[in-house]
Amino acid sequence: MLRNSFFSRNRLFALGSLLLLLLTGGLQTVKAQHPILFEVELLAVDSNEGCDVADIDGDGKLDVVAGRNWFRNGEWTPRPVRVIEDRDGYVRSNGEWTYDVNGDGRPDVVSMDFLQGSVNWYENPGAESLAQGILWPKHSLVDTQHKTNEVSYLIDLVGDSKPEWIVNSWDPTSPLTLWSLSSEERDIEVSEGSKTETVRLEMPILVGHEIGKKNGHGIGFGDLNNDGRKDIIVKEGWYECPEGDPLAQAWTLHEDWEQPHASCPMLVHDVDKDGVNDLITSLAHDFGIFWWRGLGPDDSGKLQFDKRLIDDSFSQAHCLHLADLDGDGELELITGKRVRAHNGSDPGGDQLPLMRYYVWNAEKKSFDAYTINRGEVGTGLQIRTADLDQDGDTDIIVAGKEGTQILFSQRISK
């Protein structure tokens, strides 16, 4: 349902929520009845598949950045960030991350291509240039030399509050490398008016630390063996994070399984709260979302799992995400159909776009599924969640080949 075309059930839901708020004395956290209703705000139509959320212009409100554009909170009109090429049905960007790369207090954008090794950051130019719609300056952090890049992540795996860059490759022989942020002096051309001069500046770079020789479609991050350190999950098993400095030591690969076209990301999460972390994964280019209930190690030390089906009613659940949608302090699983993944050649590729969330049912020890939207909204490579309209509930942001869209939660109404 489109945001500017309420159905009657939306009005009834909003009125019921308002009455409840009045009876309880104001705007409070209210546990929703399922399914939670969402209104769709379409921001742009293109084939970009990455997005993130940050306060781009420093006004205290969270904005959306997605591919070529950023969208100012409340207006939601496209404003330029960068130029990205389209080729073979794909916008040449495999996801994006907002991060203050140069430490000037403004969020920049970090991204790379599916088929080129350069990791670039796009420098937030500040309020005046943002108001004029000026393209953000582009800088290179590193050329990884790898050209089979499924999706990229900027995530703190070391635990030093600084993120590392890691690339998932669909080529299983592509090395798995952690890239840490550093800096070096570079000669940079600076223009002022009609004058251009070369100055030597300290510039951000990425430094690589190879941790393994195997990669492959699908990746995840989290403490899989419950030792307090973040491991890396891949197609053929999991890399165990070592004690001490993870960037200075070898990671042990445990080749415990073979997952063809696993999700990006796979999620490490103690679903049933038994104290043993589980794995949530999917067949990203086929049918099937699965819960691998962790059973701990066997006598040989190999991790054991009880693998259970969550849902196989739709295909291409490429991206998985956890967020508290109903306000009860517990995380729900959010996913959807990646629209025109492999340009529609996957099984189920011709089915309608779909977004769905799953609530853990402790009594049944299984997930209850709820459809967010069918027919208008699917996913790309990333799902983001935040309270964009500051009404106390969690909204969903997606970018895919049917467009960049916000799904505004109607769980709480002002």
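Definitions and limits used
Residues numbered from 1 in each chain as written. Predicted model: local features only at pLDDT ≥ 70, side-chain atom pairs only at ≥ 80, totals over all residues. Heavy atoms only, no water. Helix = DSSP H or I, 4+ residues; strand = E, 2+ residues; numbered from the N terminus. Buried < 20%, exposed > 50% of the residue type's maximum accessible area, 1.4 Å probe, protein only. Pairing = 2+ DSSP bridges. Core = buried A, V, L, I, M, F, W, Y, C linked by side-chain atoms within 4.5 Å. Contact = heavy atoms within 4.5 Å. Salt bridge = Lys/Arg side-chain N within 4 Å of Asp/Glu carboxyl O.

A. Just unusual backbone geometry, in detail. The step from His34 to Pro35 runs through a cis peptide bond, and the omega angle for that step is 5 degrees. A cis amide bond links Cys264 with the next residue in sequence, Pro265, at an omega value of 5 degrees. One can find Pro265 in the loop between strand E19 (252-254) and strand E20 (266-269). Phi is positive for Lys273, which is not a glycine, with a value near 55 degrees. Relative to the helices and strands, Lys273 is located in the loop between E20 and strand E21 (278-282). The exposed category is assigned to Lys273, whose relative accessible area is 55%. With a phi angle near 55 degrees, Asn343 is a residue other than glycine that sits in the positive phi range.

B. The arrangement of the pairing of strand E17 (residues 231-234) in detail. Where burial is concerned, the two faces of E17 agree: the one with Asp231 and Ile233 and the one with Ile232 and Val234 are both buried. As defined by bridge partners, strand E16 (residues 219-222) adjoins E17 across 4 bridges and the pair is classed as antiparallel. Across the sheet, residue Ile219 finds its bridge partner in E17, namely Val234. Between E17 and the antiparallel strand that follows it, strand E18 (residues 237-240), lie 2 residues.

C. Just the nonpolar core, in detail. Grouped together as the largest cluster of nonpolar side chains are 33 residues, with contacts concentrated most on Trp165, Ile166 and Ile232. Looking at which element gives the most residues to this core, the answer is strand E14 (residues 176-192), with 4 residues. Leaving out residues up to four positions away in the same chain, Ile232 has contacts with Leu157, Ile166, Leu176, Leu178, Ile211, Ile219, Gly220, Phe221, Gly237, Trp238, Tyr239 and Trp251. One finds Leu325, Tyr357, Val377 and Ile383 within the second-largest nonpolar core, a separate group that totals 16 residues.

D. Molecular detail of the pattern of salt bridges. Tallying each qualifying case throughout the model produces 27 salt bridges. Where Lys214 meets Glu255, a salt bridge forms, and the shortest distance between an N and an O atom there is 2.8 Å. Linking Lys214 in the loop between strand E15 (195-212) and E16 with Glu255 in the loop between E19 and E20, this pair joins segments that are 41 residues apart in sequence. Between Lys364 and Asp368 there is a salt bridge, and its shortest N-O distance comes to 2.8 Å. With a relative accessible area of 17%, Asp368 lands in the buried category. One network of salt bridges, with partners in common, ties together Asp57, Asp59, Arg72, Glu75 and Arg79.

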